[in-house]
Amino acid sequence: MAKFTISKFTLFIVSYLLLSPSSPIVALNITTLLSVYPDLSDFNNLLTTTSVAEDLNRRSSVTLLAVPNHFLRSSSDLTHRSSPANIADVIRYHVLLQYLSWSELRQIPPAGKLVTTLYQTTGRATNNLGAVNITRDPLDGTVYIRSPVSYSPLNATILSLIKTLPYNVSIFTINSLLVPYGFDLMASENRPPLGLNITRVLIDGHNFNVAASMLTASGVAEEFQADEGGAGITVFVPTDDAFADLSTTERLQSLPAERKAVVLKFHVLHSYYPLGSLESIVNPVQPTLATEAMGAGTFTLNITRVNGSVAIDTGIVQASVTQTVFDQNPVSIFAVSKVLLPREIFGREALGATRSGNAGVGAAPPEISFSPENSPSLEIPPTHLSSSPGLREEIRSGAAVTGVQRTAVAVALCCIALYLVV
């Protein structure tokens, strides 16, 4: 009986884990789901050729707005004459980063619901124009997909739900290709040449002056630009406020030039990651350019998704991505809320080692000592050697006790002398 009960309980737990709505579907293959619908073959092909499908396969909660062949082919002149990069962004605009069911769409208020798209996460959308506004006609229940700009025309109408896997993916068909408001589909491909001037991008961003000046002064900006080829680079740039928030114990500005350069390299990944890829990064522990310079296993960043944003943990600092400054393959630049301080330089053990040697990177400045003529009335010989506050307190306490003891001895001697005289 006991054996049967345990087996039944185990079966219940396994069934719960497999059937629970909260359990994500791993490596969801959107193109495989679409392959059984011949009327969506053109749209499915665009997902594959633009590599948008790879981004989708790493996500577990999306709504895809697919365009049937006969509607998509009416826009064939645009799709054939546009650059691959522009087409990719248009396809990203059809990916809503939220699972929506038919019942949820029917409950959308007439004023609409603003939903973020995959295109918005690239940073190439102006303001909030990479989102869509989903509205519903209260009379006939028709659901429309609009641009968030109130005066823009209707973009598309939802036709039907063709596939749903609660609560991971739903696929609806729409009657028109969606194009973001103000997006020039016919514009030439605008990818940056190798050797993008990162410093100029930061200066134009108006909130990265400290980072720009440090990159210029250290000379690592040219090294970053040389690394843009191949897999590209991803740069995390602290804002001016982030630098202003550094405490005096985090003496970044006082580091020698070579160590300051290492800290700057610690802010760079030697691979191109758009925001969507960072949010779904497979391996959270990422090497940096500092890793390449200082040795495998050191100077790594732990990148995860926390509360809807990208979190970066250095081991002693936890920062978050606050803004996409620039994102065009092969370079992405993101603003971060804090300066990323490596534990190899700013950790307690590293600081302790440099202080004990009284030299090297990160060594504490010597304590200011009083000159003999200005020293306080404590019996502590003046010294230029630094000591910990606890040690100084012990010395001061010892000096005070010694003074009390001497006073007591003097009083005792006086009492003895008086007794002998009497």
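As the structure is a computational prediction, the values presented were derived from the model and not from experiment. (Residues numbered from 1 in each chain as written. Predicted model: local features only at pLDDT ≥ 70, side-chain atom pairs only at ≥ 80, totals over all residues. Heavy atoms only, no water.)

Below, the discussion takes up the sheet that holds strand S10 (residues 285-287). Sheet architecture is open: seven strands sit in the order S9-S8-S14-S13-S12-S11-S10, paired in mixed fashion. Both edges of this open sheet fall to strand S9 (268-269) and S10, since each of them pairs with a single strand only. As judged from the six bridges shared by strand S13 (residues 318-328) and strand S14 (residues 331-336), these two strands associate in the antiparallel manner. Counterpart to glutamine 323 in the pairing with S14 is alanine 335. (Pairing = 2+ DSSP bridges. Helix = DSSP H or I, 4+ residues; strand = E, 2+ residues; numbered from the N terminus.)

On to the pattern of salt bridges. For the coordinates displayed, the defined rule picks out five salt bridges. Arginine 73 serves as the salt-bridge partner of aspartate 42, at 2.6 Å between the closest nitrogen and oxygen. Placement of the pair is aspartate 42 in helix H3 (residues 41-49) and arginine 73 in the loop between helix H5 (69-72) and helix H6 (76-81), with a sequence separation of 31 residues. Given a relative accessible area of 24%, aspartate 42 falls into the partly exposed group. Here lysine 265 makes a salt bridge to glutamate 223, at a shortest N to O gap of 3.3 Å. A residue pair is termed long-range when its members are at least 10 positions apart, and lysine 265 in helix H13 (residues 257-265) and glutamate 223 in helix H11 (residues 220-226) qualify at 42 residues. Take lysine 265: its relative accessible area is 14%, and that puts it in the buried class. (Salt bridge = Lys/Arg side-chain N within 4 Å of Asp/Glu carboxyl O. Buried < 20%, exposed > 50% of the residue type's maximum accessible area, 1.4 Å probe, protein only.)

Take empty space enclosed by the protein next. This model, assessed by the stated rule, comprises one cavity of 30 Å³ or more. Of the voids in this model, the largest cavity is the one considered here, and its volume is about 90 Å³. Forming the walls of the largest cavity are Leu202, Ala211, Leu215, Phe224, Val235, Phe236, Val237, Pro238, Phe243, Leu264 and His267. If you list the elements that add at least two residues to the lining of the largest cavity, you get helix H10 (209-218) and strand S8 (233-238). Of the residues forming the lining of the largest cavity, the biggest block, four residues, is contributed by S8. (1 Å grid on protein atoms, 1.4 Å probe; cavity = no way out; pocket = protein on both sides within 12 Å on 5 of 7 lines; lining within 4 Å. Points joined across faces, edges and corners; volume = space filled by probe spheres on them.)

Here we come to the pairing of S13. Relative to S13, strand S12 (residues 309-313) is paired through three bridges, and the arrangement is antiparallel. Its bridge partner being in S13, alanine 311 is matched across the sheet by serine 320. Following S13, the chain reverses through two residues before pairing antiparallel with S14.

One finds Leu202, Phe236, Ile303 and Ile333 to be the most contacted residues of the largest nonpolar core, which totals 53 residues. The element best represented in this core is S14, accounting for five residues. (Core = buried A, V, L, I, M, F, W, Y, C linked by side-chain atoms within 4.5 Å.)

What follows is about the packing of aromatic side chains. Summed over all chains, the structure comprises five aromatic pairs. Ring geometry for tyrosine 99 versus tyrosine 167: centroids 5.6 Å apart, planes at 70°, classification edge-to-face. Taken together, the residues tyrosine 99 in the loop between strand S2 (95-96) and helix H8 (102-106) and tyrosine 167 in the loop between strand S6 (154-165) and strand S7 (169-174) connect sequence positions 68 residues apart. The class of tyrosine 99 is buried, set by a relative accessible area of 9%. Ring geometry for tryptophan 102 and phenylalanine 172: centres 5.4 Å apart, planes at 90°, overall edge-to-face. With a gap of 70 residues between them, tryptophan 102 in helix H8 and phenylalanine 172 in strand S7 connect regions that are remote in the sequence. (Phe/Tyr/Trp six-rings, centres within 6.5 Å; stacked < 30°, edge-to-face > 60°.)

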